[in-house]
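Here is what each chain is made of, one letter per residue.
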Amino acid sequence: MNRFSRFLSAVPIAMLSLIAMPALAAFPVVDKVEPANWWVGMKHNKVQVLMHGDGLAKAQAKLSYPGVTISGTAVGDSPNYLFVTLNIGATAKPGSFDIVLSLGADTKKIPYTLYGKPSRQGRILGFNPSDVMYMIFPDRFANGNPANDDVAGMREKANRKNEWGRHGGDLAGIVNNLDYLQNLGVNTLWLNPVLENDMPGQSYHGYAITDLYKIDPRFGSNEEYKALVEKCHSRSMKVVMDMVANHIGIEHLWMKDAPQKTWVHRHAEYINSNFRLSVVSDPYASSSDSNTMLNGWFSRAMPDLAQDNKMLATYLIQNTLWWIAYSGLDGIRMDTWPYPDKDFMSDWLRAIEADFPGFSVVGEVWSDDVALEAYFKKGAPTRKGYVPELQSLTDFPLRAATQKAFNDAGGWDSGLMRLYNILAMDFQYDHPEQNVIFLDNHDLGRFASEIKSDINKYKLALTFLLTTRGVPQIYYGTEIMMEGFSNDAEKRHDFPGGWEGDTSNVFKGTKLGAKQTEALSFTKNLLNRRKNNPVFSTGKLKHFIPEDNVYVYFRYNAKAKVMVILNGDDKAKKLKTKRFAEIVSAGATGTDVLSGKSVTIVPEMELPARSAMVIELK
């Protein structure tokens, strides 16, 4: 008898049966269910649920819930994904049920919840020209919760000494300073992306997303984001989410285990986008140039998504609808608008409008050419089957004109004439007042640096921004003339006072420089006057050709009229007012909201060098 036989003879018969049985394989861990819930009463009622787990593609799915059926399942190239399409009928009620997965005799229950149809009660939805956006770079604004600076298991830690790294700003920092933002006079917060960016480094900007359904834990949680929106709504403030449909981060699960190989544009050799968005509208563009523009990667860290893949397209649309329904946010700023498949982007917008009428989206179209921008805007003529649905653009042409207008001398086509010329091209847009206008943002040199911190130029430019057509956007720190120009890190300095121990504190108004104090006071005054007088934002615009680098225009309606005078020259001027007689008569009176002084429109008005007047006429 060998040693093993002697062992068996000593084992009770009941235990022998257990030893002889093969070990049961555990059901695969299901580590992704996206979306994890939905809502009844949605127009989008066929929900493609992505599930991920080892070998899950072999599973069968079933459920039993009144009004809900499984209309189909699908698998892709990976053995680890199962797609289950839920058909949520009109009779379905809010509640919870299990999606039962089976592999042979083994089963696993995946809990799923249907909530009541998202209510508009307590929600705002949409932005318009009466709003002023305040663009916040969350990592650099304020650190309200130092405990989440470093999160176990995530690749990058916080280090304020590293200008290219994470500094610890978060959602709590924004919530803690809502009083400052509201008192400043802004009413809409646009946050750069706050979804998970679990990258090795330099992902503080948020555009290399590794989980499209999860707020980055170093910013907070999904619940904290929702709470931020609700707190803003309680103050009649709005929130705009920055989204990215064009690319993901290289550390996203899809780059290690893709549902289908065609979810990402993959190339035999690395291809970077040529960033020539003109090829999208170019009737003569080569296939090679178009492929490089649309299918090349944004960078080696940001793989390019293929939105013409139907399953991916559905995933992205559902992800957007989920965030709107879940959080109650009011608008979306879509990154790199011309780079994804343009027909998909129109479908994406139609899906949003179907379930959330009046919801606002602004698309980043980075071109200084009005015609190239207008190609993507709703209302433009149909172009070979392409029907644009985008209502709001980032107005880079107007921004480029503003950048130069207050720096160069007046001339036939220079100085403030640049502003007039760009606005004269508004015939190419349908509803140009919906465009988002700005002096600077996270990708551009700060305006204060471009004007060499000239406070008078700043006042001129800000006056124009807040009194011309469009939806104004102010980049965090612009109100105190923060500087930064040479690289991205320079453009994204920490906001003074956002971290414990900061020498100066803008939120509290302590230890600010004289110029910072003056700029902040000027900005706050003009923002609040704009907020309290609708004619600044919704009135008709009439402007007059600048003469001698003096630009005069009016915002007016049936009840009110505002006269704006900008002297962009470094010399005092005398303004003859006879040419404005069609809209204002000599002897009319009003108040200059910038100085608080009473003003009478006389035949010849004295204008100090590089000065502005905003006259509320009686």
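In what follows, the accompanying structure is described. (Residues numbered from 1 in each chain as written. Predicted model: local features only at pLDDT ≥ 70, side-chain atom pairs only at ≥ 80, totals over all residues. Heavy atoms only, no water.)

1. Some remarks on the overall build of the protein
- Secondary structure summary: the protein contains 18 helices and 26 strands in total.
- Along the longest, intermediate and shortest principal axes, the C-alpha atoms of the protein span 120 × 60 × 50 Å.
- Every one of the 618 residues in the protein was classed for burial, and the buried ones make up 56%.
- Here the protein displays about 26100 Å² of accessible surface, and carbon together with sulfur accounts for 52% of that area.
- Distance between charge centres in the protein, computed from 69 positive and 68 negative side chains, equals 4 Å. (Helix = DSSP H or I, 4+ residues; strand = E, 2+ residues; numbered from the N terminus. Buried < 20%, exposed > 50% of the residue type's maximum accessible area, 1.4 Å probe, protein only. Areas by Shrake-Rupley, 256 points an atom, 1.4 Å probe, with all protein chains shown as cover. Lys, Arg positive; Asp, Glu negative; His and termini not counted. Charge placed at Lys NZ, Arg CZ, Asp CG, Glu CD.)

2. Topic: the sheet that holds strand β23 (residues 589-592)
- What the 6 strands build is an open sheet, ordered β19-β20-β21-β26-β23-β24; its pairing is antiparallel. With one partner strand each, in any of the chains shown, β19 (540-547) and β24 (598-600) form the two edges of the open sheet. Between one strand axis and the next, the sheet turns through 25° on average, direction left out of account.
- Here β19 pairs with strand β20 (residues 550-556) via 6 bridges, running antiparallel. For Phe544, the partnering residue across the bridge sits in β20 and is Val552.
- Relative to the sheet, helix α15 (residues 455-467) contacts β20, β21 (561-567) and β26 (611-617), its axis offset from that of β21 by approximately 150°. (Pairing = 2+ DSSP bridges. Axes fitted to C-alpha atoms, helices over the stretch in contact; angles between N-to-C directions. Contact = heavy atoms within 4.5 Å.)

3. Some thoughts on the packing of helix α6 (residues 222-234) against helix α9 (residues 310-327)
- The N-to-C vectors of α6 and α9 enclose an angle of 60°; their axes lie 9 Å apart at closest approach. Seen from α6, the contacting residues are Asn222, Glu223, Tyr225, Lys226 and Val229; seen from α9, they are Trp322, Trp323, Tyr326 and Ser327.
- Residues that form the contact of α6 with α9 fall into these classes: 5 nonpolar, 2 polar and 2 charged. (Nonpolar A, V, L, I, M, F, W, Y, C, P; charged D, E, K, R; others polar.)

4. Here's the deal with the sheet that holds strand β4 (residues 60-62)
- Reading across the sheet, the 4 strands line up as β2-β8-β7-β4 and stay open at both edges, with mixed pairing between neighbours. Strand pairing shows two members of the sheet lacking a second neighbour, β2 (37-39) and β4, which therefore form its edges. Taken pair by pair, the neighbouring strands of this sheet meet at an average axis angle of 30°, ignoring direction.
- When β2 meets strand β8 (residues 106-115), the two strands line up parallel, connected through 3 bridges. Pairing of Asn37 across the sheet is with Thr113, part of β8.

5. Notes on the nonpolar core
- The biggest cluster of nonpolar side chains holds 170 residues, and the ones touching the most others in it are Tyr134 and Trp348.
- Take this core: its biggest share by element is 12 residues, from α9. (Core = buried A, V, L, I, M, F, W, Y, C linked by side-chain atoms within 4.5 Å.)

6. With respect to α15
- In this model, α15 (13 residues) spans 18 Å end to end at C-alpha, consistent with the 18 Å of a helix rising 1.5 Å per residue.
- Counting buried positions along α15 yields 12 of 13 residues, so the element is predominantly enclosed.
- Within the sequence span of α15, burial applies to Ile455, Lys457, Tyr458, Lys459, Leu460, Ala461, Leu462, Thr463, Phe464, Leu465, Leu466 and Thr467.
- The residue sitting at the N-terminus of α15 and contributing the capping side-chain oxygen is Asp454; that oxygen lies 2.9 Å from the backbone nitrogen of Asn456. (Expected span 1.5 Å × (residues − 1). Polar contact = N/O pair within 3.5 Å; in protein donor to acceptor, adjacent residues only side chain to side chain.)

7. Some words on the pairing of strand β9 (residues 133-136)
- Residues of β9 alternate between two faces, with Met133 and Met135 on one and Tyr134 and Ile136 on the opposite face, all of them buried.
- The pairing of β9 with strand β10 (residues 188-191) spans 4 bridges and is classified as parallel. What sits directly across from Ile136, in β10, is Leu191.

8. Some words on the pattern of salt bridges
- What the rule picks out here adds up to 36 salt bridges.
- Notably, a salt bridge pairs Asp494 with Arg160, separated by 2.9 Å at the nearest N-O pair. With Asp494 in the loop between α16 (488-491) and α17 (514-532) and Arg160 in the loop between α3 (138-141) and α4 (171-175), the pair connects residues that are 334 residues apart, well separated along the chain.
- Under the relative-accessibility criterion, Arg160 is labelled partly exposed at 37%.
- In this structure, the salt-bridge partner of Arg579 is Glu547, at a minimum N-O distance of 3.8 Å. One end of the pair, Arg579, is in the loop between β22 (573-576) and β23; the other, Glu547, is in strand β19, and 32 residues separate them in sequence.
- The exposure class of Glu547 is partly exposed, given its relative accessible area of 47%. (Salt bridge = Lys/Arg side-chain N within 4 Å of Asp/Glu carboxyl O.)

9. Quick look at the packing of aromatic side chains
- Summed over the entire model, instances satisfying the criterion amount to 40 aromatic pairs.
- Taking 4.9 Å as the distance between ring centres and 35° as the angle between the ring planes, the aromatic pair formed by Tyr65 and Phe97 counts as tilted. Of this pair, Tyr65 sits in the loop between β4 and β5 (68-74) while Phe97 sits in strand β7 (residues 95-103); the two residues are 32 residues apart in sequence, bridging distant segments of the chain. The exposure classification of Tyr65 matches that of Phe97, with both residues buried.
- Between the NZ or CZ atom of Arg166 and the centre of the ring of Phe219, over which it lies, the distance is 5.4 Å.
- The ring centre of Tyr326 lies 5.1 Å from the NZ or CZ of Lys226, which sits over that ring. (Phe/Tyr/Trp six-rings, centres within 6.5 Å; stacked < 30°, edge-to-face > 60°. Lys NZ or Arg CZ within 6 Å of the ring centre and 35° of its normal.)

10. Thoughts on the side chain of His252
- By the element assignment, His252 lies in the loop between β13 (238-243) and α7 (278-281).
- Here His252 falls in the buried class, since its relative accessible area comes to 5%.
- Discounting chain neighbours no more than four positions away, the residues touching His252 are Ile209, Thr210 and Asp211.

All we've got here are geometric facts, nothing functional implied.
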